[in-house]
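These are the residues of each chain, in order.
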Amino acid sequence: KVARQELDAEFLEDGSFFQNVDACCVIDTQANPADHQGHKFFAGLDWALTGDFTRLTVFCVSCGVTVDWWGGNRMDYTMQRAYIVDRLKRWQGVVLLPERNSMGAPNIENLASAGVKIALGPDGGMGFNTTSSSKNQLIMLMALAMEKNELKLPKEYADEIRAYEVEILTTNPKFSAPAGQHDDKVISAALAWW
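Residue positions are given per chain, counted from 1 along the sequence in the order it is written. Local features are withheld for residues below a pLDDT of 70 in this predicted model, meaning they are given only at 70 or higher, and side-chain atom pairs are given and counted only at 80 or more; totals for whole chains, interfaces and linings count all residues. Hydrogens and water are ignored here; the side-chain numbers use all heavy atoms of the structure.

Draft legend 1. Focus on the pattern of salt bridges. A pair is scored as a salt bridge if a Lys or Arg side-chain nitrogen falls within 4 Å of a carboxyl oxygen belonging to Asp or Glu. Summed over all chains, the structure comprises 8 salt bridges. For Asp-68, the salt bridge is made with Arg-90, and the minimal N-O distance between the two is 3.1 Å. In this pair, Asp-68 is assigned in strand E4 (residues 65-72) and Arg-90 in the loop between helix H3 (77-88) and strand E5 (95-98), connecting sequence segments 22 residues apart. The shortest N-O distance in the salt bridge between Arg-162 and Asp-159 comes to 3.2 Å. The numbering of helices and of strands both runs from the N terminus, where a helix is a DSSP run of H or I of at least 4 residues and a strand a run of E of at least 2.

Okay, structure coming up:
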């Protein structure tokens, strides 16, 4: 899609980068864990403290749908971790892929100590270390899944996903929310899908 839009100057409708947003962002209520007994779950977590939101997205691999999501703002990390641990207990066997950058590393250690199963990132460390290269892979993977209509996300994620942008500066595209907007829903969903 990046090549079609940026190099071939082809106009693609729907979102600034992500396509098929309305077909993928269709879930309006969180699922009942009893309806997903025996299924496999992955969760993505994007950390924040004040400006942005800490965002948790739980995805049922067996059904291809988001089953749970939560966002918190202006909560200290101790409160956030307690809330996240409690929320994840609802989804038996869930594996969490949290963002590891800056404040992520000590928070991941605390979550692991509390019994949360932490996924390894592409570099082999606990959680996902976001670099320009790894972020590109993360976003491209979710974009491809959305184009193929392989995942269902909450309706409330649609506006943020639709606004997400790509800028071609060099050979590596730069992905981000527009100035003044947030990307916590995009990143947590992409981490859950990863």
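Moving on from the model shown.
Draft legend 2. Layout of the environment of Phe-17. For Phe-17, the location among the structural elements is in the loop between helix H1 (2-7) and helix H2 (21-24). On a C-alpha basis, the gap between Phe-17 and Ala-143 in space is 7.9 Å, while along the polypeptide they are 126 residues apart.

Draft legend 3. The packing of aromatic side chains, seen in detail. Only rings of Phe, Tyr and Trp enter the pairing, Trp through its six-membered ring, and a pair is recorded when the two centres are within 6.5 Å. The plane angle decides the type: under 30 degrees is stacked, over 60 is edge-to-face, the rest tilted. Under the definition given, this model contains 7 aromatic pairs. Members of the aromatic cluster, each reached through a chain of ring pairs, are Phe-17, Phe-18 and Tyr-164.

Draft legend 4. Representation of the packing of H3 against helix H4 (residues 104-113) within the structure. Relative orientation of the contacting elements H3 and H4 amounts to 40 degrees, with a least axis distance of 10 Å. Taken together, the axis directions place H3 and H4 in an arrangement best described as oblique. Viewed along their axes, H3 and H4 form a crossing whose handedness is right-handed. Facing H3, whose interface residues are Tyr-77, Arg-81, Ile-84 and Val-85, H4 presents Asn-107, Asn-110 and Leu-111. Grouping the constituent residues of the contact of H3 with H4 by class yields 4 nonpolar, 2 polar and 1 charged. Axis definition: a line fit to C-alpha positions, over the contact stretch in the case of helices; interaxial angles, taken between N-to-C directions, run 0 to 180 degrees. Geometric relationships in this document are graded by angle, where less than 35 degrees denotes roughly parallel, more than 145 denotes roughly antiparallel, 65 to 115 denotes roughly perpendicular, and other angles denote oblique. With the far helix as reference, a near helix turned anticlockwise by less than a right angle produces a left-handed crossing, and one turned clockwise produces a right-handed crossing. Every residue pair with non-hydrogen atoms within 4.5 Å of one another is taken to be in contact. Throughout, the ten residues Ala, Val, Leu, Ile, Met, Phe, Trp, Tyr, Cys and Pro are labelled nonpolar, Asp, Glu, Lys and Arg are labelled charged, and all others, Gly among them, are labelled polar.

Draft legend 5. A look at H4. Those residues of H4 that fall on the buried side of the exposure criterion are Gly-104, Asn-107, Ile-108 and Leu-111. Considered in projection along H4, the buried side chains sweep an arc of 105 degrees and stay on one side of the axis. Residues of H4 that are exposed and point more than 90 degrees away from the buried face comprise Glu-109 and Ser-113. Those residues of H4 hidden inside the fold are in contact with strand E2 (41-46), H3, E5 and strand E6 (117-118). To sort residues, take the accessible area from a 1.4 Å probe on protein chains only and compare it with the maximum for the residue type: under 20% means buried, over 50% means exposed, and anything in between is partly exposed. What the arc describes is the spread of directions from the helix axis to the C-beta atoms.

Draft legend 6. Summary view of the pairing of E4. Where burial is concerned, most of E4 is hidden: 6 out of the 8 residues are buried. A pair of strands is considered paired only if DSSP assigns at least 2 bridges between the two. Summarising the sheet, strand E3 (residues 54-60) and E4 pair through 7 bridges and their orientation is antiparallel. Counterpart to Thr-57 in the pairing with E4 is Trp-69. The turn joining E3 and E4, which pair antiparallel and follow one another in sequence, is formed by 4 residues; a positive phi near 75 degrees is taken by Gly-64.

Draft legend 7. Structural detail: the nonpolar core. Core analysis: the biggest nonpolar cluster contains 31 residues, and Phe-18, Ile-139, Met-142, Met-146 and Ile-161 have the highest contact counts within it. Residue assignment for this core shows that the elements contributing at least two residues are H2, strand E1 (25-27), E5, helix H5 (132-147), helix H6 (158-163) and helix H7 (184-193). By nonpolar core we mean a set of buried residues, namely Ala, Val, Leu, Ile, Met, Phe, Trp, Tyr and Cys, connected to one another through side-chain atoms within 4.5 Å. Trp-70, Ile-84, Leu-88 and Ile-118 belong to the second largest nonpolar core, which has 22 residues in total.

Draft legend 8. Broad picture of the side chain of Arg-55. Mapped onto the fold, Arg-55 is located in strand E3. Relative accessible area serves as the criterion here: at 8%, Arg-55 is assigned to the buried category. Within polar-contact distance, the side chain of Arg-55 engages the side chain of Asp-184 at 2.8 Å. Those residues within four positions of Arg-55 in sequence are excluded, and the remaining contacts are Gly-44, Leu-45, Asp-46, Trp-70, Gly-71, Glu-156, Tyr-157, Asp-184, Lys-185 and Ser-188. As used in this structure description, the phrase polar contact means that two N or O atoms lie within 3.5 Å; if the pair is within protein, one of them must be able to donate a hydrogen and the other to accept it, and residues adjacent in sequence are counted only when both atoms belong to side chains.

Draft legend 9. Molecular detail of the sheet that holds E2. The sheet built from 5 strands is open, its strands ordered E4-E3-E2-E5-E6 with mixed pairing. Here the strands that pair on one side only, and so sit at the sheet edges, are E4 and E6. Sheet strands in contact with H7 are E2, E3 and E5, and its direction is about 145 degrees off that of E2.

Draft legend 10. Layout of the pairing of E2. Taking burial as the measure, the 6 residues of E2 include 5 buried ones, the bulk of the element. Note: E2 against E3, 6 bridges, orientation antiparallel. Looking at E3, one finds that Gly-44 is bridged to Thr-57. Where E2 meets E5, 4 bridges bridge the pair, whose relative direction is parallel. In the sheet register, Leu-45 faces E5, and the bridge partner there is Pro-98.

Everything listed is a geometric property; what it means functionally is a separate question.
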